[in-house]
Amino acid sequence: MLSNITACQAVVDAVKTTLGPRGMDKLIVDAKGQATISNDGATILKLLDIVHPAARALVDLARAQDAEVGDGTTSVTILAGELLKQAKPFIEENVAPQLIIRAYRQAAEVLDARLMAIAVPMPEHNPAELRQLLERCARTALNSKVIHGQGELFARLAVQAVLALDPEDRDERLIGIKRVPGGAVEEAEFVDGVAFKKTFSYAGFEQQPKSFQSPAILCLNVELELKAERDNAEVRLEQVSEYQAVVDAEWTLLMDKLEACAATGAKVVLSQLPIGDVATQFFADRDIFCAGRVPAEDMQRVLRATGAHLQSSTASIQPALHLGHCATFEERQVGSERFNFFNGCPQARTCTLILRGGSEQFIAEVDRALHDAIMIAKRALAGDRFVAGGGAVEMELSRFLREEAKTRPSRDQLILAAYAKAFEALPRQLCDNAGLDATDLLTRLRKAHASSQLWAGLNLETESVVDTLAAHVWEPVLVKRNMIAAATEAACTVLSVDLTIRAAKPWDANAPSGLEQLEAKSHAAHAARHPRK
């Protein structure tokens, strides 16, 4: 068990320096030689090649925080590691692990109730205040990211994207994020609709119009391309006229499909399958824009935004039912790429964010940071309450649990006090990463919370203790609730394992079996208890 705790501590040491606005980045090189520079905890844990089973269990539970909330993975890892560190002295003193686990779970329930009691409700009936609050929550999430200098811009983009989704489910997968290398990061753009990169095109494409007002949009899953006969079937012919009949039949089939598309009145034709050179020229002659090989993800967003229905045949298209519409369509240049834009969509429940930057590595990190901000804004809407950040809520929970521990008559008092002390690891790590005197600032934080300053937290810019609620350092309460639950579950999972048995590899005939490993450990334990004189 002690070796499991030590292995988990090694994982914590790898990510703890990334916490907060002054956190450091990690350079990770995978087995293929691909390098990733990031300070996002979820990304780092995903790329680490962890062999130890207990440490891997800790990582899996910490990554569940990213899947559930979208942010706070580093905080979960640090808190879980600190809980294990506080439990280590009890284990060494032969306190039963089940007593520690029971006390930890009781503490988590007490703190969850306290957290909900002090959380501040959101102004649901005032849209302007709600948007401002969401932007401040997103801005707090971006403080520790590479784009913290442009935090106001990206917080606004993240909130715009979340509010553009369907209020019923707010599926973040319908937010398209497109990366375009080159340009300044401030050139990031929000599209209230759909935008995707120009697909592969044939001759005749440049003759097609590139912008429309109020066009009808036809979405297909049909191949509009001539295929060589040998690709479809083997045909045995005796006369040249028979061969010509086969060719003519294929042309007739294609032209019937194209005529059916043109007859619908659509001005934009999209297909997930190829649109060949003949079809491209056909549409160009009739002032129709077409694009083939549209990615399925982008096609789904077009369908959701325009109200179109995907057709797998051109035989029975009903324009009134199956075509989509938008206010404007245009194809224009973005950096070195050309993009198709659908704006003013009547049923828009999707949007697109176009990111710019100097390199692929930088844009990838911007993408990860923006994803965290989007998830925070989404969870803030779902949770309808928020708390102050900057270590304020952690110190308040620590103080409250210390007072609660004094009311417990049994040995649980010591374990609850250790659990409370673990929460101080987060503000202490914020100070250490910023190069500040953690002892001095934590002492001032304890004094402030002891004097009923509920939201006293850290201001790393001025190296002081401030009211972080008034300073607009806000976080959704759902993030903190998940952090406590995930960290507690991770610590309890590791503490509940008292023996690790590794199965022998099939090709290792000389390796001891699981029973032999148990017997060897039993003999070693007996020898340690009864040493020879």
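Residues numbered from 1 in each chain as written. Predicted model: local features only at pLDDT ≥ 70, side-chain atom pairs only at ≥ 80, totals over all residues. Heavy atoms only, no water.

Turning to the sheet that holds strand 4 (residues 175-181), a few remarks are in order. The strand order across the open sheet built from three strands is 4-14-5, with neighbouring strands paired in mixed fashion. Looking along the sheet, the strands with just one partner apiece sit at the ends: strand 4 and strand 5 (189-191). The mean angle between the axes of side-by-side strands here comes to 20°, regardless of whether they run parallel or antiparallel. Across three bridges, the pairing between strand 5 and strand 14 (residues 351-357) is antiparallel. Within strand 14, the residue paired with Val-191 across the bridge is Thr-352. The sheet contacts of helix 7 (residues 151-163) involve strand 4, strand 5 and strand 14, and relative to strand 14 the element is tilted by about 160°. (Pairing = 2+ DSSP bridges. Helix = DSSP H or I, 4+ residues; strand = E, 2+ residues; numbered from the N terminus. Axes fitted to C-alpha atoms, helices over the stretch in contact; angles between N-to-C directions. Contact = heavy atoms within 4.5 Å.)

One pass over the full model with this rule turns up one cavity of 30 Å³ or more. Within this model, the largest cavity holds a volume of roughly 50 Å³. If you trace the largest cavity, you find it lined by Thr-199, Phe-200, Ser-201, Tyr-202, Phe-205, Ile-275, Thr-280, Cys-290, Ala-291 and Gly-292. Its residues placed into classes, the lining of the largest cavity shows six nonpolar, four polar and no charged. (1 Å grid on protein atoms, 1.4 Å probe; cavity = no way out; pocket = protein on both sides within 12 Å on 5 of 7 lines; lining within 4 Å. Points joined across faces, edges and corners; volume = space filled by probe spheres on them. Nonpolar A, V, L, I, M, F, W, Y, C, P; charged D, E, K, R; others polar.)

Let's shift gears to the sheet that holds strand 15 (residues 385-388). Here we have three strands laid out as an open sheet, ordered 3-15-18, and antiparallel in their pairing. Pairing within the sheet leaves two strands with one partner each, and these edge strands are strand 3 (120-121) and strand 18 (474-476). Relative to strand 18, strand 15 is paired through three bridges, and the arrangement is antiparallel. Opposite Ala-388, over in strand 18, you have Trp-474 as the bridge partner. Across the sheet, helix 6 (residues 127-142) touches strand 15 and strand 18, and the angle it forms with strand 18 is around 95°.

With that settled, the discussion passes to the nonpolar core. Among the nonpolar cores identified, the biggest contains 77 residues, and Ile-100, Tyr-104, Tyr-419, Ile-484 and Leu-495 are the most heavily contacted of them. Each residue touching Leu-495, except ones within four places of it in the same chain, is listed here: Met-1, Ile-5, Leu-84, Ala-87, Ile-91, Pro-97, Ile-100, Ile-101 and Tyr-104. The next biggest cluster of nonpolar side chains, apart from the first, holds 40 residues, and it includes Ala-155, Ala-158, Val-185 and Ile-363. (Core = buried A, V, L, I, M, F, W, Y, C linked by side-chain atoms within 4.5 Å. Buried < 20%, exposed > 50% of the residue type's maximum accessible area, 1.4 Å probe, protein only.)

Another point: the pattern of salt bridges. All chains considered together, the criterion is met by 30 salt bridges. Here Arg-481 makes a salt bridge to Asp-112, at a shortest N to O gap of 2.8 Å. Here Arg-481 is found in helix 18 (residues 477-495), whereas its partner Asp-112 is found in helix 5 (residues 97-118), with 369 residues between them in sequence. Overall, the relative accessible area of 31% leaves Arg-481 in the partly exposed class. (Salt bridge = Lys/Arg side-chain N within 4 Å of Asp/Glu carboxyl O.)

In this section: helix 1 (residues 2-15). Because the α-helix completes a turn every 3.6 residues, residues three or four places apart line up on one side. For helix 1, which comprises 14 residues, the first-to-last C-alpha distance of 21 Å matches the rise-based estimate of 20 Å (1.5 Å per residue) to within 8%. Within the sequence span of helix 1, burial applies to Asn-4, Ile-5, Ala-7, Cys-8, Gln-9, Val-11, Val-12 and Val-15. In this fold, the buried residues of helix 1 make contact with helix 2 (41-47), helix 3 (53-68), helix 4 (73-92) and helix 18. (Expected span 1.5 Å × (residues − 1).)

At a closest axis distance of 9 Å, the pairing of helix 4 and helix 15 (residues 412-422) adopts a crossing angle of 145°. Crossing of helix 4 over helix 15 shows right-handed handedness. From helix 4, Leu-79, Glu-82, Leu-83, Gln-86 and Phe-90 reach across to helix 15, where they touch Leu-414, Ile-415, Ala-418, Tyr-419, Lys-421 and Ala-422. Partitioned by chemical class, the residues of the contact of helix 4 with helix 15 number eight nonpolar, one polar and two charged. (Left-handed = near helix turned anticlockwise from the far one by under 90°.)

Note on aromatic pairs: each is described by the distance of the centres and the angle between the planes. All chains considered together, the criterion is met by eleven aromatic pairs. Consider the rings of Tyr-104 and Tyr-419, whose centres lie 5.2 Å apart with planes at 70°: the pair is edge-to-face. Linking Tyr-104 in helix 5 with Tyr-419 in helix 15, this pair joins segments that are 315 residues apart in sequence. Here the two residues Tyr-104 and Tyr-419 agree in accessibility, since each one is buried. Centroid distance Phe-289 to Phe-329: 4.8 Å. Interplanar angle 55°. Geometry classified as tilted. Residue Phe-289 is located in strand 10 (residues 289-291), and its partner Phe-329 is located in strand 12 (residues 328-334); the two are separated by 40 residues in the primary sequence. Relative accessible area serves as the criterion here: at 1%, Phe-329 is assigned to the buried category. Above the ring of Phe-282, the side-chain terminus of Arg-286 is found at 3.6 Å from the ring centroid. (Phe/Tyr/Trp six-rings, centres within 6.5 Å; stacked < 30°, edge-to-face > 60°. Lys NZ or Arg CZ within 6 Å of the ring centre and 35° of its normal.)

Where helix 1 contacts helix 4, the two axes come as close as 9 Å, and the packing angle between them is 150°. One element, helix 1, and the other, helix 4, form an angle in the roughly antiparallel class. Read as a crossing pair, helix 1 and helix 4 show a hand that is left-handed. From helix 1, Leu-2, Ile-5, Thr-6, Cys-8, Gln-9, Val-11, Val-12 and Val-15 reach across to helix 4, where they touch Thr-74, Thr-77, Ile-78, Gly-81, Glu-82, Leu-84, Lys-85, Lys-88, Ile-91 and Glu-92. A class-by-class count of the residues in the contact of helix 1 with helix 4 yields nine nonpolar, five polar and four charged. (Parallel < 35°, antiparallel > 145°, perpendicular 65-115°, else oblique.)

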